[in-house]
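For reference, the chains in residue letters:
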Amino acid sequence: MEEMSGDEKHDHSAASTLDVLWVLYDQVLRISPDSVADDDRDRFLLSKGHAPKAFYAVLAAKGFIDVAELPGFGTFGSILGHHPDRNLIAGVEIASGSLGHGLPIGVGVALGLRARGQTSRVFVLVGDAELDEGSNHEAIAFAGAVGLERLTVIAVDNSSSTYGWSGGLETRFSREGWSAARVNGRDHQALAQALTAAHPGVPRLVVAVVDPS
């Protein structure tokens, strides 16, 4: 990520997601540069839209975009904007920006895939601070009530939330019927195990804890 130029204010946000993103694309997601348009691909939604640097770096490492694009991050004419654009970058499912939208979109995508009888999984990466948005509470309650077992949310917890949640983020989800786990957000083995653990009949939450510094 160091070779990129442009707006530096979201460096910490990007750094907090790098390990999660790598594990997802290296060990978990059923998607490749050749399958970005396949109906049976897994879907990854970056709701934590202030963290595109890490996302772009992983996409480049996995062949979705040309590594030569990275130094142009955030510059005029670059495909790599300060928020990902699904119309410009292969493998980007949503154009994120306003916080609190990714999880509701993920719920809709998972519900639609289930209605079509598909087994594709939907993974949504959120930040702990954006869970302050009320739209997420509604999405959490609905997904648990209808048992969206193909939906997994990864919440990067770097203690940036204004309000937090009594008992930890996982209690917010588990009381709505989700399967939940808390792991070290830098431990690749723990992340992989948590992201691939069976959770029949219910959606899954993985809280990835990272040092806010």
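Residues numbered from 1 in each chain as written. Predicted model: local features only at pLDDT ≥ 70, side-chain atom pairs only at ≥ 80, totals over all residues. Heavy atoms only, no water.

A.B. asks: Give me the lowdown on the overall build of the protein, citing residues and values where you can.
C.D. replies: For the protein, the count of helices and strands is 6 helices and 5 strands. Taken from N to C terminus, the helices and strands of the protein fall in the order α-β-α-α-β-α-β-α-β-α-β. Taken across its 213 residues, the protein has 49% of its residues classed as buried. For the protein, the share of sequence-separated contacts (at least 6 apart) that also reach a separation of at least 24 residues comes to 77%. Summed over its atoms, the accessible surface of the protein is roughly 9400 Å², and 50% of this surface lies on carbon and sulfur atoms. (Helix = DSSP H or I, 4+ residues; strand = E, 2+ residues; numbered from the N terminus. Buried < 20%, exposed > 50% of the residue type's maximum accessible area, 1.4 Å probe, protein only. Contact = heavy atoms within 4.5 Å. Areas by Shrake-Rupley, 256 points an atom, 1.4 Å probe, with all protein chains shown as cover.)

A.B. asks: If you had to explain the side chain of Thr17 to someone new, which residues and values would you point to?
C.D. replies: As for its placement among the helices and strands, Thr17 is situated in helix α1 (residues 11-28). Taking the relative accessible area as the measure of exposure, Thr17 reaches 0% and is therefore buried.

A.B. asks: Summarise the pairing of strand β2 (residues 122-127); cite the residues concerned and give the values.
C.D. replies: Most of β2 sits out of view: 6 of its 6 residues are buried. With burial as the criterion, each face of β2 is covered, one bearing Val122, Val124 and Val126 and the other bearing Phe123, Leu125 and Gly127. Pairing between strand β1 (residues 43-46) and β2: 4 bridges, direction parallel. Its bridge partner lying in β2, Leu45 is registered against Val124. Direction of pairing for β2 relative to strand β3 (residues 151-157): parallel, over a ladder of 6 bridges. Looking at β3, one finds that Val126 is bridged to Ala155. Running through helix α4 (residues 134-146), the crossover from β2 to the neighbouring parallel element β3 is right-handed. (Pairing = 2+ DSSP bridges. Right-handed = clockwise from strand over helix to strand, strands pointing away.)

A.B. asks: An account of the nonpolar core is requested, with residue identities and associated values reported.
C.D. replies: Counting residues in each nonpolar core, the largest one holds 38 residues, and the members touching the most others are Leu24, Tyr25 and Phe44. Counting residues per element, this core draws most heavily on α1, at 7 residues. Not counting residues up to four positions away in its chain, the partners in contact with Phe44 are Leu21, Leu24, Tyr25, Leu29, Phe55, Glu93, Phe123 and Leu125. Core analysis: the next-biggest nonpolar cluster, separate from the first, contains 22 residues, Val124, Ile140, Val153 and Val207 among them. (Core = buried A, V, L, I, M, F, W, Y, C linked by side-chain atoms within 4.5 Å.)

A.B. asks: Hey, could you go over the packing of aromatic side chains for me, with residue numbers and the actual values?
C.D. replies: The description of two aromatic rings rests on the distance between their centres and on the angle between their planes. Inspection of every chain in the model, using the stated rule, returns 6 aromatic pairs. With a centroid separation of 6.2 Å and an interplanar angle of 50 degrees, the aromatic rings of Tyr25 and Phe55 are classed as tilted. A residue pair is termed long-range when its members are at least 10 positions apart, and Tyr25 in helix α1 and Phe55 in helix α2 (residues 52-61) qualify at 30 residues. Residue classification places Phe55 among the buried residues on the basis of a relative accessible area of 2%. Grouped by ring-pair contacts, the aromatic residues Tyr25, Phe44, Phe55 and Phe64 constitute a single cluster. (Phe/Tyr/Trp six-rings, centres within 6.5 Å; stacked < 30°, edge-to-face > 60°.)

A.B. asks: Could you give an account of the environment of Ala129, with specific residues and numbers?
C.D. replies: Looking at the secondary structure, you find Ala129 in the loop between β2 and α4. C-alpha of Ala129 to C-alpha of Ala155: the two residues are 26 residues apart in sequence and 9.5 Å apart in space.

A.B. asks: Residue-level account of the pattern of salt bridges, with values.
C.D. replies: Throughout the structure, instances matching the rule amount to 8 salt bridges. One salt bridge connects Glu170 with Arg182, and the closest N-O pair in it is separated by 2.9 Å. Of this pair, Glu170 sits in helix α5 (residues 169-174) while Arg182 sits in strand β4 (residues 179-184); the two residues are 12 residues apart in sequence, bridging distant segments of the chain. Residue Arg182 is classed as partly exposed on the basis of its relative accessible area of 39%. What emerges from the salt-bridge pattern is a single network uniting Arg30, Asp42 and Arg121. (Salt bridge = Lys/Arg side-chain N within 4 Å of Asp/Glu carboxyl O.)

A.B. asks: Talk me through the sheet that holds β2; I want residue IDs and the actual numbers.
C.D. replies: Read from one edge to the other, the open sheet built from 5 strands follows the order β1-β2-β3-β5-β4, with strand pairing classed as parallel. Because the sheet does not close on itself, it has two edges, and the strands there are β1 and β4. Shown here is a sheet whose adjacent strand axes are inclined to one another by a mean of 20 degrees, direction ignored. On the sheet, helix α3 (residues 102-115) packs against β1, β2 and β3 and is oriented at approximately 170 degrees with respect to β2. (Axes fitted to C-alpha atoms, helices over the stretch in contact; angles between N-to-C directions.)

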